[in-house]
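An overview of the molecular structure
Here is how the chains run, residue by residue.
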Amino acid sequence: MMTTSAYALSESQKKAEALWVHINLTGLDKIQDPQQTQEKILNSLALNAANIPNTTSNNSQNPAPNPTYVRLLYERSTTQILTGLKSYGYYKANIDSHLDLNQTTGKYTATYQINLGPPLLIHSLDLALIGPGAQEPTLVQIIKQSSI
């Protein structure tokens, strides 16, 4: 089982992530390049540091995130992960997730356990050009050279 955190994010996101949120993704082992996939998913999540407005806290150098907004973005992230997995052929994935707040540190941990389910496999495909471009030599050649 592979676990990764949001350290694949940009430097500014890493800094903000280290202040208040940690994201765990597990269950992507079956995908051809799981590390790159995790990186792409983490960068696309609403629940990354770049999307969270801060509220003031006692420590102005470590502003606390708005808890209601964090919860909202956490809930959206599940849908974003499922949508991203479709580009890899996983249309029947499901996710068990939970968001925990450490009361002592004020930091959140968002955990997403992904069950990919079976990939959609394409065994045959009929590809045809229709309309005004159907006779365009460049397009016809692209279709002929396609590995699909």
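Before going into details, it helps to say that this report is about the structure given with it. These numbers come from a predicted model, not from an experiment.

Time to look at the environment of N115. In this structure, N115 sits in strand β5 (residues 108-115). For the pair N115 and N94, spaced 21 residues apart in sequence, the C-alpha to C-alpha distance is 5.4 Å. For N115, the residues in contact, after removing those within four places along its chain, are K92, A93 and N94. In this structure the side chain of N115 is engaged in a polar contact, spanning 3.2 Å, whose partner is the backbone nitrogen of G117.

Okay, the sheet that holds strand β1 (residues 21-26) next. Ordered in space as β1-β5-β4, the three strands form an open sheet in which the pairing is mixed. In the strand order of this sheet, the two ends are held by β1 and β4 (94-101), each with one partner. Taking each pair of neighbouring strands and ignoring which way they run, the sheet shows an average axis angle of 10 degrees. Summarising the sheet, β4 and β5 pair through eight bridges and their orientation is antiparallel.

Looking now at the pairing of β5. In this sheet, β5 lies alongside β1 in parallel orientation, the contact comprising six bridges. Note on β5: the bridge partner recorded for H22 is T109. If you look at the hairpin formed by β4 and β5, you'll find six residues sitting between the two strands, and G106 has a positive phi there, around 80 degrees.

On the surface, I122, L125 and L127 cluster together into a nonpolar patch covering about 310 Å² of accessible area. By secondary structure assignment, the location of L125 is in the loop between β5 and α4 (137-145).

In this structure, I81, L85, Y112 and I114 are the most contacted members of the largest nonpolar core, which totals 25 residues. Contributions of two or more residues to this core are made by β1, α2 (34-44), α3 (67-86), β4 and β5. If sequence neighbours within four positions are ignored, I114 has contacts with L25, T26, G27, L28, I81, L85, N94 and I95.

Geometry of an aromatic ring pair is reported as the spacing of the ring centres plus the angle between the planes. Inspection of every chain in the model, using the stated rule, returns one aromatic pair. Note on Y74 and Y112: the rings are 5.8 Å apart at their centroids and 35 degrees apart in plane angle, and the pair reads as tilted. Note that Y74 is positioned in helix α3 and Y112 in strand β5, a separation of 38 residues in sequence. Considered together, Y74 and Y112 belong to a single accessibility category, that of buried residues.

Reading guide: rules and limits
Residues numbered from 1 in each chain as written. Predicted model: local features only at pLDDT ≥ 70, side-chain atom pairs only at ≥ 80, totals over all residues. Heavy atoms only, no water. Helix = DSSP H or I, 4+ residues; strand = E, 2+ residues; numbered from the N terminus. Contact = heavy atoms within 4.5 Å. Polar contact = N/O pair within 3.5 Å; in protein donor to acceptor, adjacent residues only side chain to side chain. Pairing = 2+ DSSP bridges. Axes fitted to C-alpha atoms, helices over the stretch in contact; angles between N-to-C directions. Patch = residues over 30% accessible without salt bridge, like charges linked within 9 Å, V, L, I, M, F, W, Y side chains within 5 Å. Areas by Shrake-Rupley, 256 points an atom, 1.4 Å probe, with all protein chains shown as cover. Salt bridge = Lys/Arg side-chain N within 4 Å of Asp/Glu carboxyl O. Core = buried A, V, L, I, M, F, W, Y, C linked by side-chain atoms within 4.5 Å. Buried < 20%, exposed > 50% of the residue type's maximum accessible area, 1.4 Å probe, protein only. Phe/Tyr/Trp six-rings, centres within 6.5 Å; stacked < 30°, edge-to-face > 60°.

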